[in-house]
Amino acid sequence: MGAQESNGQERGTARRTLLGAAVLGAGGAVVGLPTAASADTRRSGGGYRSLPKPTIIGHRGASGYRPEHTFGSYQLALDLGADVVEAGDLVPTKDGHLVCRHEPEIGGTTDVADHPEFAGRRTTKSLDGVATTGWFTEDFTLAELKTLRAIERIPANRPHNTLYNGRWEIPTFEEVLKWQDEQTRKRGKQVWIYPELKHPTYFRALGLGTEERLAKLLRKAGKDSKNSPVIIQSFEPTSIQRMNKLVDNPLAVLLSSANSRPWDFVATGDPRTVADLVTPKGLKEIASYAQGIGPTLDLIIPKDASGNFTKPTTLVEDAHARGLVLHPYTMRNENPFLPSAYRKGTDADAYGDVFGVFKVYFETGIDGVFTDNPDTGVLARADFVSG
């Protein structure tokens, strides 16, 4: 490990290299980045399977560079070459609108704490069995939420993102659908989005079922068919099963750590864990109502006690055998999020050898990956495709 000063110089050079690619040319193309057409597209009849492979998915936009789930983050993800934008994590308001926040608790992603008029809304709730204190979207009307502004969620790792605190409001999913159409027209190619239904069992118990609300918006926008550019995901299998009956969109089941249980399983007494879902039997069941899975990266390649890669699992092969695509999550550039052997220096916000990590994951045969840094992912894919 180098000296602190050297670490800062490396970090600055790396960021200048990566962020320099964000200088826009005519038509919104990104100077210095390969286009999607230069990737291995492996086209297969349209729809989600026509996306470039490996697919680069902007995680909550370009959240490595802008506060997540804002139009600033979504817009930059497209500018940096993302094939798909995760816009957004969907949670309801008190009056039934779907808005884009990472969690219903918004104390860490908005400036709500700076609004004295909302001080009395701070409370503690049980969110999927975990006591959580803060401010919750379901206790606010949309008009009230629109008075708030987004802030950086992990400032210790991304102090540069705090520059943009307060710049953008909370988007609704209806606004996202209109933005998608606008960007598709402006860029001359279809823009894809990948919304996630957050805590659907929790919200259903509150009388705020999110699946029906999402389906209604998709139908209204004419984006509820099998080839529509909207992939829907959730950590709760029963939520995806419900969506499978409401719309024809491509669907994906998100999968957390092997020993965890989806909250809908906990609520209904289903004893299965994620380890059961990633068996050939479990994957066959998922394939009966979904087209893909979004596993945590550790389900693709586990790490040992020191945080280093071990042997890849058979998940990629097993999922492909059942016709499922794999879009694991989440690649991030900063040291704390990388395997130990790929970290550089000791700073929490320093970049490590993220290109090396992308290469290892791409070699497993994954169909795509969620990343907070879409430009890094696009460059890593270009390296991988060119050999």
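Computed from a prediction, not measured in an experiment: that's the story for all the values here.

Participant: Describe the overall build of the protein chain, and please don't skip the residues or the numbers.
Facilitator: The secondary structure content of the protein chain amounts to 14 helices and 13 strands. Per-residue burial for the protein chain yields a buried fraction of 54% across its 387 residues. Pairs at least 24 residues apart make up 66% of the contacts formed inside the protein chain by residues separated by at least 6 positions. As displayed, the protein chain has an accessible area near 15800 Å², and 52% of this comes from carbon and sulfur atoms.

Participant: Let's hear about the sheet that holds strand β7 (residues 192-193): which residues, and what values?
Facilitator: Strand order in the open sheet formed by four strands is β7-β2-β1-β13, and the pairing between neighbours is parallel. Across the chains shown, the open sheet's two edge strands, defined by having one partner strand only, are β7 and β13 (368-371).

Participant: An account of the environment of alanine 113 is requested, with residue identities and associated values reported.
Facilitator: Looking at the element boundaries, alanine 113 is found in the loop between β4 (98-100) and β5 (123-127). The class of alanine 113 is exposed, set by a relative accessible area of 52%. Sequence separation between alanine 113 and tryptophan 135 is 22 residues; the distance between their C-alpha atoms is 8.5 Å.

Participant: Give a description of the pattern of salt bridges that names residues and reports values.
Facilitator: By the definition in use, this model includes 25 salt bridges. For glutamate 68, the salt bridge goes to arginine 60, with nearest N and O atoms at 3.0 Å. Take glutamate 68 and arginine 60: they sit in the same class, and that class is buried. Across the salt bridge formed by glutamate 68 and arginine 153, the nearest N and O atoms sit 3.1 Å from each other. Residue glutamate 68 is found in the loop between β1 (55-58) and α2 (71-79), and its partner arginine 153 is found in the loop between α3 (142-145) and α4 (173-187); the two are separated by 85 residues along the sequence. Arginine 153 sits in the partly exposed class, given a relative accessible area of 29%. Where salt bridges share partners, they join Arg60, Glu68, Asp89 and Arg153 into one cluster.

Cut-offs applied
Residue positions are counted from 1 within each chain, in the order its sequence is given. In keeping with the predicted nature of the model, local features appear solely for residues at pLDDT of at least 70, side-chain atom pairs appear and are counted solely at 80 or more, and the whole-chain, interface and lining totals rest on all residues. Note that the side-chain values use all heavy atoms of the structure and ignore hydrogens as well as water. Secondary structure elements are taken from DSSP: a helix is a run of H or I of four residues or more, a strand is a run of E of two residues or more, and numbering for both begins at the N terminus. In this scheme, a residue with accessible area under 20% of its type's maximum is buried, one over 50% is exposed, and one in between is partly exposed, where area comes from a 1.4 Å probe on protein chains only. In this analysis, two residues are considered to be in contact whenever any of their non-hydrogen atoms come within 4.5 Å of each other. All accessibility values rest on the Shrake-Rupley procedure with a 1.4 Å probe; residue burial counts only the protein chains present in the view. Only when DSSP finds a minimum of two bridges between them are two strands counted as paired. Only one rule defines a salt bridge in this text: a Lys or Arg side-chain nitrogen within 4 Å of an Asp or Glu carboxyl oxygen.

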